[in-house]
Amino acid sequence: MKAIILAGGEGLRLRPLTCNIPKPMVPIVNKPFLEHMLDNLKRHHIDEVILAICYLPDCIQRHFGDCGDLGMSLTYAFEEMPLGTGGAVKNAEQFLDDTFVVFNGDIFTDLDLTDMIRFHRYHKAKATIALTPVEDPTAYGVVETDSQGRVRCFIEKPSRETVTTNLINAGTYILEPEVLDLIPPGVHHMLERGLFPDLVERGIPFFGYRSNAYWIDIGVPEDYLKLHHDILMGKAIARFPGKSIADDIWLEDNCNIHPSAKIVGPVVIGQGCTVEQGARISGPAVLGAKCTVGQGTIIDEAILWQNVKLGKDATVRNSVIGNNSVVGDSTWVIDGSIISDDTAIGSSNRLEHGIRIWPGSTIEDNAISF
Ligand code: GTP
């Protein structure tokens, strides 16, 4: 069976992390998100994948090529203009001749795809949508089904008073090629607002597959951090680079860790990192390749991308710092702050309250003070 991964969105809610790379390429424990998705597909014996790309497509194509290295065949369906989730699938129609699976390229899940395919076939469905329960469905598109699992309706962001189910669209669909006849070619179309309500209206067999598998949408920074937390705490399963050198500590090659540095797992440290005297790293935390943690600096539940340089006596807590960024001595980056790529933050600053710093920014010493 072939799979399409929708990987063309701009990822505006995850900005500034998605200014230079598309959301499906953001690193999750030192490996692009899409690679984790492909790992999962292989586990379910799906090795023919179509990537529907639009925003920063070169970044994806350059990294994966034809994907021979992963033992998979990868085809790209490129959109000049964003065509939406449905338009993107229609745009890939030429590659589809049998039942296929569609994935949102921002959902991390260990959904039992094999069982979902069995469910789709058992019900002789033309379309099946994965459903996941959430605590507060009012922020999502909820999906009502009847007692047989047949989809009755979609309600976008229902109010608390009207909500009748906590099951939401989990962003994985199995479709038969003939449903593509209902999507107009070459125009913007959303599956959730166009094709799916249309299937219900026409009485075409459309089923909801309920799953309690791990599920998270990495579309906002809080959930990007939460996924790291869950993987490192063992709540979500993922493979990532690095050798286990002690309980809950994984290290790649050529690292230089000062004997007085304290590391309390779960912590993953990428290739060629330096951790200087008296530094302390408390997990869950991830350091990308070639990071430097200065003398006496504290990292606590944070994610550093590649080549991040932290000065002396700095603190980075519950925050993300992008590639090639520099943080000066005694600066604090805390409480959900998001620092993008190529930024230079001077010494003795305090960045907090989910502040977002755009790529290439410079902040002088003492500019945002205590
Ligand atoms: P936001 O801008 O933050 O809403 O993120 P997004 O652009 O990724 O949109 P959303 O989260 O709603 O998209 C869900 C999935 O569909 C993501 O994997 C997107 O990459 C993908 N997607 C959204 N719009 C398009 C599109 O026009 N074309 C393609 N190929 N994929 C899309």
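Preceding this paragraph is the structure being described.
Let me sum up the structure you'll find in this document. (Residues numbered from 1 in each chain as written. Predicted model: local features only at pLDDT ≥ 70, side-chain atom pairs only at ≥ 80, totals over all residues. Heavy atoms only, no water.)

1. Points about the overall build of the protein chain
Selection rule: Each helix corresponds to a stretch of at least 4 residues labelled H or I by DSSP, and each strand to a stretch of at least 2 residues labelled E; elements are numbered beginning at the N terminus. Atoms considered for the radius of gyration are the C-alpha atoms alone. The globule rule reads 2.2 Å times the number of residues to the power 0.38. Exposure is judged per residue with a 1.4 Å probe applied to protein chains only, and the accessible area is read against the type maximum: over 50% gives exposed, under 20% gives buried, and values in between give partly exposed. In this description, contact between two residues means that some pair of their heavy atoms is separated by no more than 4.5 Å. Under this rule, positive means Lys or Arg and negative means Asp or Glu; His and the chain ends count for nothing. To locate a charge, take atom NZ for lysine, CZ for arginine, CG for aspartate or CD for glutamate.
A tally of helices and strands in the protein chain yields six helices and 32 strands. Rg of the C-alpha trace for the protein chain: 22 Å, near the compact-globule value of 21 Å for 370 residues, within the 12% margin. In terms of its C-alpha atoms, the protein chain occupies a principal-axis envelope of roughly 65 × 50 × 40 Å. Looking at the protein chain residue by residue over its 370 residues, the buried ones come to 54%. Expressed as a percentage of contacts within the protein chain between residues at least 6 apart in sequence, the contacts between residues at least 24 apart total 47%. Of note, the protein chain has its 32 positive side-chain charges centred 3 Å away from the centre of its 48 negative side-chain charges.

2. Focus: the site of the ligand
Applicable threshold: Near residues are defined by distance, with any heavy atom within 4 Å of the molecule or strand qualifying the residue. Any N or O atom pair separated by 3.5 Å or less is treated as a polar contact, with the protein-specific requirement of one donor-capable and one acceptor-capable atom, and with residues adjacent in sequence counted only for side-chain atom pairs.
Residues in close proximity to the ligand total 19 residues, the closest being L6, R13, E79, G84 and G105. E10 has a polar backbone atom sitting 3.0 Å from an oxygen atom of the ligand. Per-element accounting of the shell around the ligand gives the leading share, three residues, to helix α3 (residues 84-91).

3. Concerning the sheet that holds strand β29 (residues 344-345)
In plain terms, the rule: Paired strands, as defined in this entry, are two strands with at least two bridges between them according to DSSP.
Strand order in this open sheet of seven strands is β14-β17-β20-β23-β26-β29-β32, and the pairing throughout is parallel. The sheet terminates laterally at β14 (256-257) and β32 (362-363), the two strands that pair on one side only. Here strand β17 (residues 274-275) runs beside strand β20 (residues 292-293); their pairing, made up of two bridges, is parallel. From the neighbouring strand, T274 faces β20, where its bridge partner is T292.

4. Things to note about the nonpolar core
Selection criterion: Nonpolar core, defined: a set of buried Ala, Val, Leu, Ile, Met, Phe, Trp, Tyr and Cys residues in which side-chain atoms within 4.5 Å join the residues together.
Counting residues in hydrophobic clusters, the biggest one holds 61 residues, and the most contacted among them are I5, L41, L51, I60, Y224 and L227. Apart from residues no more than four positions distant in its own chain, L51 is found in contact with I5, L34, I60, L74, T75, Y76 and A77.

5. Some words on the state of the cysteines
By definition, a disulfide is the covalent link that joins the sulfur atoms of two cysteine residues. Note the threshold: Criterion for a disulfide: a pair of cysteine sulfur atoms within 2.5 Å.
Evaluation of the coordinates by the stated rule reveals zero disulfides. Here C19 stays unpaired: no disulfide links it, and the sulfur of C59, its closest cysteine neighbor, is 13 Å away. There is no disulfide at C273, and the cysteine sulfur nearest it, in C291, is 4.7 Å away.

6. Things to note about the side chain of S325
Counting through the fold element by element, S325 comes out in the loop between β25 (320-321) and β26 (326-327). When residues no more than four places from it in sequence are discounted, the contact partners of S325 are N307, V308, K309, I339, S340, D341, D342 and T343.

7. Considerations on unusual backbone geometry
The residue after R15, namely P16, is reached through a cis peptide bond having omega 5°. You can see P16 is positioned in the loop between β1 (2-6) and α1 (33-43). Between G283 and the following residue, P284, the backbone shows a cis peptide bond with an omega angle of 0°. For P284, the position within the fold is in the loop between β18 (280-282) and β19 (285-287). Although it is not a glycine, D248 sits at a positive phi angle of roughly 60°. Within the secondary structure, D248 sits in the loop between β12 (243-246) and β13 (249-251).

8. Focus: the pattern of salt bridges
Stated precisely, the cut-off is as follows: The salt bridge definition used is simple: a Lys or Arg side-chain nitrogen within 4 Å of an Asp or Glu carboxyl oxygen.
Under the counting rule described, the total for this entry stands at 13 salt bridges. For D136, the salt bridge goes to R160, with nearest N and O atoms at 3.3 Å. You can see D136 sitting in the loop between β6 (127-133) and β7 (141-145) and its partner R160 sitting in the loop between β8 (151-156) and β9 (167-175), a full 24 residues away along the chain. Between K226 and D230 there is a salt bridge, and its shortest N-O distance comes to 2.8 Å. Of this pair, K226 and D230 are both found in helix α6 (residues 221-232), four residues apart, which corresponds to roughly one turn of the helix. Overall, the relative accessible area of 36% leaves K226 in the partly exposed class. Exposure remark for D230: the relative accessible area of 3% places this residue in the buried category.

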